[in-house]
Amino acid sequence: PVKGVPSPAAQITQYQMCQAALAACAPNIADIKITTPNLHYNPLSSLTTPPSMHAPNNDVFIPIDGPSGYITSKSALRKSKL
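Residues numbered from 1 in each chain as written. Predicted model: local features only at pLDDT ≥ 70, side-chain atom pairs only at ≥ 80, totals over all residues. Heavy atoms only, no water.

So, the overall build of the protein chain
Assigned secondary structure in the protein chain consists of one helix and four strands. Secondary structure elements in the protein chain, listed N-terminal to C-terminal, are α-β-β-β-β. Considering the protein chain as a whole, with its 82 residues, one finds that 13% of them fall into the buried category. A sequence separation of at least 24 residues applies to 62% of the contacts in the protein chain between residues at least 6 apart. Summed over its atoms, the accessible surface of the protein chain is roughly 6,900 Å², and 60% of this surface lies on carbon and sulfur atoms. (Helix = DSSP H or I, 4+ residues; strand = E, 2+ residues; numbered from the N terminus. Buried < 20%, exposed > 50% of the residue type's maximum accessible area, 1.4 Å probe, protein only. Contact = heavy atoms within 4.5 Å. Areas by Shrake-Rupley, 256 points an atom, 1.4 Å probe, with all protein chains shown as cover.)

Okay, here's the thing in structure tokens:
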């Protein structure tokens, strides 16, 4: 594609991890930030790879060299108005 394709799974997982950490550790932490590399795996053609490299379901993927940017999530506890 000419432009990126939205894939919210990593962002949702990071958000859920932030929320779980805040819930488990409050009031000892007030905010959290998680940054992970945005890695991509491209399918290999079954015509060009040897059969020994194929998984039982014939899905073979190879990681691209280096991350395609980073995904960052931040969460914080609400500050009391008291």
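From this point, the discussion proceeds with the structure in view.
A closer look at a nonpolar patch on the surface
A cluster of nonpolar side chains, contributed by Leu39, Tyr41 and Phe61, occupies part of the molecular surface with about 330 Å² of accessible area. Summarising the element assignment, Phe61 is placed in strand 3 (residues 61–63). (Patch = residues over 30% accessible without salt bridge, like charges linked within 9 Å, V, L, I, M, F, W, Y side chains within 5 Å. Salt bridge = Lys/Arg side-chain N within 4 Å of Asp/Glu carboxyl O.)

What to know about helix 1 (residues 9–25)
Taking 1.5 Å of rise per residue, 17 residues should cover 24 Å, and helix 1 covers 24 Å from first to last C-alpha, within 8% of that figure. For helix 1, the full list of buried residues reads Gln14, Cys18, Ala21 and Leu22. Taken end-on, helix 1 shows its buried residues confined to a sector of 100 degrees, consistent with a single buried face. Set apart from the buried face of helix 1 by more than 90 degrees, the exposed residues are Ala23 and Ala24. Structurally, helix 1 contributes buried residues whose contacts are with strand 1 (31–37) and strand 4 (70–76). (Expected span 1.5 Å × (residues − 1). Arc of directions from axis to C-beta.)

Digging into the pairing of strand 4
Covered by surrounding structure in strand 4 are Ile71, Ser73 and Ser75 only, the residues Tyr70, Thr72, Lys74 and Ala76 on the alternate face being uncovered. The sheet contact formed by strand 1 and strand 4 spans seven bridges and is antiparallel. Bridge pairing links Ile32 to Ser75 in strand 4. (Pairing = 2+ DSSP bridges.)

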